[in-house]
Amino acid sequence: MLANEVNLSLTTPVLRDEDAVFPGENWFFYWKTSASLWKVKLESLVGVNKIYVPINWAFHSDTGDKYDFASERPETDLKKLVDIARACAKEVIFLVPIGPCPFLANGGLPALLARTPMLDEKGRAVAAVDQEGNLNKLYSFFDPRVYKAYDHFVKALGEYFVKEGIASDVWSMDCCQVTLEYGLVSYLKDHSQVYHQGFSRFLESKRKEEEQNGVESEGLSPEREHQLEYEFYSMIRSIYLMASEEGLSGNWEGVVQVSFLGGGQEDFFKRIHNSDSLVQYGHDLLEGMSLNAISSSALLPGRLKKGVMGKMLSQLVTNSFIEKYFTKNSFEDDLVSQFVPKVFFEVYDLGPEFTPDTIGWADLGLWEYLQKYYSWCYSDMGQSSFRFKEDTHEDRVFFFHGLSMDQALFHNMLKAFMSGSQVILNRSGLAPEFQKKLEAFFLENELEIEKVKLHTTLVNTRLGDGRLLVFNGDDLVDLDDKKALEFWHRVISTFELGHLIVIPPEGVQIAWKVRSSNTQELQFEEVRRMGIYNPSSYKKKVKFVIPSHFRLLKVLDEDKVTFQHGQKEIECELLPEGSISLDFGVLS
Amino acid sequence: MSINQSVLVVIYGPYISDADKNGHEIISIFNDRGLVDESTLEDYFKELTSRTPEIVESGHIGYFGQMEAIQKFSFRICQKFGSDAVSLVSVEDYNDVLLDCYKSDELLQKLQTVGNLIPNPDAGKSGFFSKLFN
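Everything numeric in this text was worked out from a predicted model, so none of it was measured. (Residues numbered from 1 in each chain as written. Chains lettered and ligands numbered in written order. Predicted model: local features only at pLDDT ≥ 70, side-chain atom pairs only at ≥ 80, totals over all residues. Heavy atoms only, no water.)

1. Things to note about the pairing of strand S20 (residues 550-565) of chain A
Reasoning step 1: Examined bridge by bridge, S20(A) and strand S21 (residues 569-586) of chain A share twelve bridges and lie antiparallel to one another. The partner of A:Leu556 across the bridge, within S21(A), is A:Ser581. (Pairing = 2+ DSSP bridges. Helix = DSSP H or I, 4+ residues; strand = E, 2+ residues; numbered from the N terminus.)

Right, dumping it as structure tokens:
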């Protein structure tokens, strides 16, 4: 490229080709550039050994019933893409959407299938602003015609992979947005006319099923309707997921949730005015990670990813979370001693089948506490089922909710406790059957019970390294925010987790990563990296005392920051968009 | 009115939180800084109606029995932010406009033309100098 061309692209708001083709986190949009340039483009990605390639359904099919895999346009030649990537020493991981994609026109649906606009629960049509300022309107996947066409497409894609001998891994991709009220929400969720028609048919079939089984219909209470809506949604989601799994069975690895920064409906009204909030994106990135979703910056323009946001994405997502996520099923995991997100808590919450007014961990102020005091070092497992395994992280504290308790969870929870894990159980909503079983378990094992009153009765017992703390969450519902934070702080501090608690000023985010110590660091149990990021437009100061079991090993990635440290104290002054990383050796 | 001018956009629709109640709610109220925050909405709602809103979250508030109440409330928020005008758009019109647009600035422009635009005669009077001399 000529020098004057570079200058032009710097002074005009034209999207750089690299931003369009590589929208971040090593994603590659093959349809955005000529196939003849793929090699040059991929070679330019230095130090990258995996690229993530979302499949653009509409690019391979205008009509939804005929497909182009290298038959007409060379840019649809996925085999060629895989071969070029291999020649550039890169592995391709394909992401096949199971719902609307906010970074594609019509949400990725072929034009002829984009018939029913997707609506949110307030009746608004749903759209996302992409990095070029385009409005990508999303269309309903609840339309039976869409499902039929999708099924045909993934089958054709699978056949093409087999025919061409493409061995790359394929993951089903559930595109999501971070919302203020409900956390991570899939773009598949819809309230359009076709959704309601489908739900009515579902209700009718349920009613007939009940009639056939001799169950008398009691009418539809709001709680029951909510449960059935969730059941219906889950059924449709599983239909798409199964189609992608079956169609691509030879390559299929699993399902991944991807959280699109700037893709929330709250963000939409800011982004149409070009008023992006880096503070919000920094928060959403960490929230997405705590919800086990991969964050993607594909919707954000390149200019926003140059400063602190780029550092957060690179340090926390691209070179840590994603690496960990896509290697968890492979042997590489044991060999890699790179930094991965630090997790102290694994929290199992109520599923979406519970009505929003059911008291979950959010209502008890737990998330606020963990975000503030433990800098997002938790994993929100949602309604996932917990199965205790030998390799279950024993250093984590597990949270369970009485309302979600069933025989399997009860069994696994006690197994974890007896194997040395630390468990916190909110017995609110716990069925009498399990209350009795728990009491019997204490008696049979002659466990010593301690009872402490702190807004609720905390029942604590230990067995070897294992610890089980039971309380009634209903007693905490009326606590104000400050008291709830105090409650959790007093409870969690009894677990002796050895964390360096730093409460950052508003707008600043702190993230922790961890790796095992190497041969020169054997005096340490592990090495933890603290990243401090200031996405706000104000100067911020972060000051803290180093605990006696922490040793500062290294200061790195200093950008727009003044760093000072004494024997026991560290002080960082971060300018707007400033950031710094600190490595600590942790003594056992 | 050009898109350079600050317009408060209000998208309203039928009140859906309670099927037994006929009326309206504001689904989205936003300006160039994004959705209007929950506490501002709640404070102005209480001031105007002397009651607590049935639903309130960032950019979303109700219940309003009559359209006039939405107009009055929106205009009050418009005055608070010193916006040049308020554009009241029904959710059906919003959806039609959105599906018709391909770029953000096109959407903003159309939301002003399709809506019921009420200019704020006091716009610009609440700037730094007016505060200094009043």
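Now that the structure has been shown, the text picks up again.
2. Focus on the pairing of S21(A)
Residues and elements named next belong to chain A.
Reasoning step 1: Across eight bridges, the pairing between strand S18 (residues 526-533) and S21 is antiparallel. From the neighbouring strand, Ile 532 faces S21, where its bridge partner is Ile 580.
Reasoning step 2: Alignment of strand S19 (residues 540-545) against S21, held across six bridges, turns out to be antiparallel. By the bridge assignment for S21, Lys 543 is matched with Glu 571.

3. Remarks on the environment of A:Tyr325
Residue and element names in this part refer to chain A.
Reasoning step 1: Turning to its location among the elements, Tyr 325 is positioned in helix H11 (residues 308-327).
Reasoning step 2: In this structure Tyr 325 comes out as buried when scored by relative accessible area, which is 11%.
Reasoning step 3: The sequence separation of Tyr 325 and Leu 135 amounts to 190 residues, and the corresponding C-alpha distance is 30 Å.
Reasoning step 4: Tyr 325 has contacts with Trp 171, Val 255, Val 256, Gln 257, Asn 292 and Ile 294, leaving out every residue within four places of it along the chain. (Buried < 20%, exposed > 50% of the residue type's maximum accessible area, 1.4 Å probe, protein only. Contact = heavy atoms within 4.5 Å.)

4. Here's the deal with the packing of helix H1 (residues 38-49) of chain B against helix H2 (residues 67-81) of chain B
All names here are of chain B.
Reasoning step 1: At a minimum axis distance of 10 Å, the contact between H1 and H2 shows a crossing angle of 125°. Classified by the angle between their axes, H1 and H2 sit oblique to one another. Here H1 and H2 pass one another in a crossing that is right-handed. Contacts from Thr 40, Leu 41, Tyr 44, Phe 45, Glu 47 and Leu 48 of H1 reach H2 at Lys 72, Phe 73, Arg 76, Ile 77, Lys 80 and Phe 81.
Reasoning step 2: Class assignment for the residues of the contact of H1 with H2 results in seven nonpolar, one polar and four charged. (Axes fitted to C-alpha atoms, helices over the stretch in contact; angles between N-to-C directions. Parallel < 35°, antiparallel > 145°, perpendicular 65-115°, else oblique. Left-handed = near helix turned anticlockwise from the far one by under 90°. Nonpolar A, V, L, I, M, F, W, Y, C, P; charged D, E, K, R; others polar.)

5. Topic: the confidence of the model for chain B
Residues and elements named next belong to chain B.
Reasoning step 1: For chain B, the mean per-residue pLDDT works out to 86, and 88% of the residues sit at or above 70.
Reasoning step 2: No element of chain B has a lower mean pLDDT than helix H5 (residues 128-133), which averages 46, and none a higher one than helix H3 (residues 91-100), which averages 96.
Reasoning step 3: For the stretch residues 128-134, pLDDT sits under 50, and the model shows two contacts to residues farther than four places along the chain or on other chains.
Reasoning step 4: For this predicted complex, the interface confidence reaches an ipTM of 0.86, while the overall pTM sits at 0.90. (pLDDT = per-residue confidence, 0-100.)

6. Considerations on the pattern of salt bridges
For side chains of opposite charge, pairing can occur when their charged atoms come near one another.
Reasoning step 1: All told, the structure shown has 31 salt bridges over all chains when counted by the stated rule.
Reasoning step 2: A salt bridge links B:Glu54 to B:Arg51; the nearest nitrogen and oxygen atoms lie 2.9 Å apart.
Reasoning step 3: Via salt bridges that share partners, A:Lys79, A:Asp83 and A:Arg86 belong to a single interconnected network. (Salt bridge = Lys/Arg side-chain N within 4 Å of Asp/Glu carboxyl O.)

7. What to know about the sheet that holds strand S16 (residues 466-471) of chain A
Residues and elements named next belong to chain A.
Reasoning step 1: One open sheet holds the seven strands; their spatial order is S11-S10-S12-S13-S16-S15-S14, and the pairing between them is mixed. Sheet topology places strand S11 (378-382) and strand S14 (449-454) at the edges, where each strand pairs with a single neighbour. Taken over all neighbouring pairs, the strand axes of this sheet differ in orientation by 20° on average, direction set aside.
Reasoning step 2: Note that strand S13 (residues 422-426) and S16 share five bridges and pair parallel. If you follow Asn 426 over to S16, its bridge partner there is Phe 471.

8. Topic: the packing of aromatic side chains
Residue and element names in this part refer to chain A.
Reasoning step 1: Counting across every chain of the model gives 65 aromatic pairs over all chains.
Reasoning step 2: Their ring planes at 85° and their centres at 5.6 Å tell us that Tyr 147 and Tyr 240 sit as a pair that is edge-to-face. Taken as a pair, Tyr 147 in helix H6 (residues 144-164) and Tyr 240 in helix H8 (residues 222-247) lie far apart in primary sequence, 93 residues in all.
Reasoning step 3: By relative accessible area, which is 28% here, Tyr 147 ends up partly exposed.
Reasoning step 4: A centroid spacing of 5.1 Å and a plane angle of 50° characterise the contact between Phe 386 and Phe 398, whose relative ring orientation is tilted. A residue pair is termed long-range when its members are at least 10 positions apart, and Phe 386 in the loop between S11 and strand S12 (397-401) and Phe 398 in strand S12 qualify at twelve residues.
Reasoning step 5: Ring pairing ties together the aromatic residues Trp 57, Tyr 67, Phe 69, Phe 94, Phe 141, Tyr 147, Tyr 150, Phe 153, Tyr 160, Phe 161 and Tyr 240, which thus form one cluster.
Reasoning step 6: Against the face of Tyr 233 rests Lys 189, its NZ or CZ located 4.7 Å from the ring centre.
Reasoning step 7: One cation-aromatic arrangement involves Lys 342 over Phe 344; the distance from NZ or CZ to the ring centre is 4.8 Å. (Phe/Tyr/Trp six-rings, centres within 6.5 Å; stacked < 30°, edge-to-face > 60°. Lys NZ or Arg CZ within 6 Å of the ring centre and 35° of its normal.)

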